[in-house]
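Residue-level structure breakdown
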Amino acid sequence: GRIPLWNDSIFGGVSHLGNLQTGALYPLRFLVGGFSPDRAIDLLVALHLVLLVMTTRWLAARIGLRPPAGLVAALIVGAGGAATVKTIQFEQFLVLSWTPLLLIAAHAVITSPRPWRAAGGLAAVGSAALFAGHPQITYQTACLLVAWVLAWLLVTRDWRRLRPLAAAGGLMVAVSALQLFATLHATAESAMSRYRTISDLLSPGRSVEPGRLWAVLFGTTRRIDPGAFVGGFEAIGFVGVTAVVLAV
């Protein structure tokens, strides 16, 4: 019954609402509010895994792929290394799981006969993804969304759809204003205010080493710890042997 502004249980006190990773205003958190934290996290991950798989199949159907393309895509996305690893980092997985629906909503704005109604749906889905968790995945999803929108606008040549797309972005910002304001304020007051340098990002724990690219993409059946054979936990992204067989 209280707004979670501050968490005084760690680090001598930290911003809670201002930390996007906590997902303090994420609506679906309320569905599991009566459970213990560990069980609530497990339920959230399971719920969002279903969301990811079902909307991936829907996305394939929406853009006209023939069966069994949707089933294959759903299996690969739901069981590939990029997704299964993020289920451990649940604050990242929750954002990732909204990605197919976000692409569906953007596609509807560009191609449907009622773009303004679809713009409302895009704003709602975009807000859910923003509220869900980790900004790292939010940035990546935003880049993917921009590329997706530009690609479909080049296909349709209907540049008038930029207006409902812009309106959807504006509505999303308005809906998320409290979260965005709190995050900007917390970031400005952060003890660690400097940006990471390129040399920081080239750390083996944060990037893919060229010599390990094959293992990153296809995995291995010889090692148990995936973080060990790709050089770092953040680099895991394999589609796996099963996905390659299905693709063939």
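This part covers the overall build of the protein chain. Broken down by element type, the protein chain carries 13 helices and 2 strands. Relative to the globule expectation of 18 Å for 248 residues, the C-alpha radius of gyration of the protein chain, 19 Å, shows essentially globular dimensions. Reported as C-alpha extents along the three principal axes, the dimensions of the protein chain are approximately 55 × 50 × 40 Å. A total of 248 residues make up the protein chain; the buried ones form 38% of that total. Restricting to contacts in the protein chain with at least 6 residues of sequence separation, those with at least 24 account for 63%. As presented, the protein chain carries roughly 14,900 Å² of accessible surface, and 67% of it is formed by carbon and sulfur atoms. Charged side chains in the protein chain number 19 positive and 10 negative. The centres of these two groups are separated by 15 Å.

In the structure shown here, the tally under the stated rule is 2 salt bridges. With a shortest N-O distance of 3.2 Å, Arg160 and Asp158 are connected by a salt bridge. Ionic pairing is found between Arg161 and Asp158, a salt bridge with its closest N-O pair at 3.1 Å. In this structure Asp158 comes out as buried when scored by relative accessible area, which is 16%. Connected through salt bridges with shared partners, the residues Asp158, Arg160 and Arg161 form a single ionic network.

On to the packing of helix H5 (residues 99-111) against helix H7 (residues 135-156). Between H5 and H7, the shortest axis-to-axis distance is 10 Å and the interhelical angle comes to 30 degrees. Comparing their axes, H7 and H5 come out roughly parallel. As H5 runs across H7, the sense of the crossing is right-handed. Within the contact between the two elements, H5 uses Thr99, Leu102, Leu103, Ala106, His107, Ile110 and Thr111 and H7 uses Thr141, Leu144, Leu145, Trp148, Val149, Trp152, Leu153 and Thr156. Looking at the contact of H5 with H7 residue by residue, the classes come out as 10 nonpolar, 5 polar and no charged.

This paragraph deals with the side chain of Arg161. Within the secondary structure layout, Arg161 lies in the loop between H7 and helix H8 (162-175). Engagement of the side chain of Arg161 in a polar contact is seen with the backbone oxygen of Val109, the distance being 2.7 Å. The residues contacting Arg161, other than those within four sequence positions of it, are Ala108, Val109, Ile110, Thr111, Ser112, Pro115 and Leu153.

Let us look at the packing of helix H1 (residues 37-62) against H5. Viewed as axis vectors pointing N to C, H1 and H5 meet at an angle of 30 degrees, and their least axial separation amounts to 8 Å. Between H1 and H5, the crossing angle belongs to the class labelled roughly parallel. H1 and H5 meet at a crossing whose hand is left-handed. From H1, Leu52, Thr55, Thr56, Trp58, Leu59 and Arg62 reach across to H5, where they touch Pro100, Leu101, Leu103, Ile104, His107, Ala108 and Thr111. Split by residue class, the contact of H1 with H5 holds 8 nonpolar, 4 polar and 1 charged.

Within the element layout of this structure, Thr138 appears in helix H7. Here Thr138 is in contact with Val95, Ala129, Leu130 and Gly133, once residues within four sequence places are set aside.

Right, let's get into a nonpolar patch on the surface. Together, Val208, Leu213, Trp214, Leu217, Phe218, Val239, Val244 and Val248 make up an exposed nonpolar region whose accessible area comes to about 760 Å². At 4 residues, helix H11 (residues 213-218) tops the list of elements feeding residues into the nonpolar patch. Residue position: Val248 is located in the segment after helix H13 (240-247). The class for Val248 is exposed, based on a relative accessible area of 86%.

Quick notes on the rules
Residues numbered from 1 in each chain as written. Predicted model: local features only at pLDDT ≥ 70, side-chain atom pairs only at ≥ 80, totals over all residues. Heavy atoms only, no water. Helix = DSSP H or I, 4+ residues; strand = E, 2+ residues; numbered from the N terminus. Rg over C-alpha atoms; globule rule 2.2 N^0.38 Å. Buried < 20%, exposed > 50% of the residue type's maximum accessible area, 1.4 Å probe, protein only. Contact = heavy atoms within 4.5 Å. Areas by Shrake-Rupley, 256 points an atom, 1.4 Å probe, with all protein chains shown as cover. Lys, Arg positive; Asp, Glu negative; His and termini not counted. Charge placed at Lys NZ, Arg CZ, Asp CG, Glu CD. Salt bridge = Lys/Arg side-chain N within 4 Å of Asp/Glu carboxyl O. Axes fitted to C-alpha atoms, helices over the stretch in contact; angles between N-to-C directions. Parallel < 35°, antiparallel > 145°, perpendicular 65-115°, else oblique. Left-handed = near helix turned anticlockwise from the far one by under 90°. Nonpolar A, V, L, I, M, F, W, Y, C, P; charged D, E, K, R; others polar. Polar contact = N/O pair within 3.5 Å; in protein donor to acceptor, adjacent residues only side chain to side chain. Patch = residues over 30% accessible without salt bridge, like charges linked within 9 Å, V, L, I, M, F, W, Y side chains within 5 Å.

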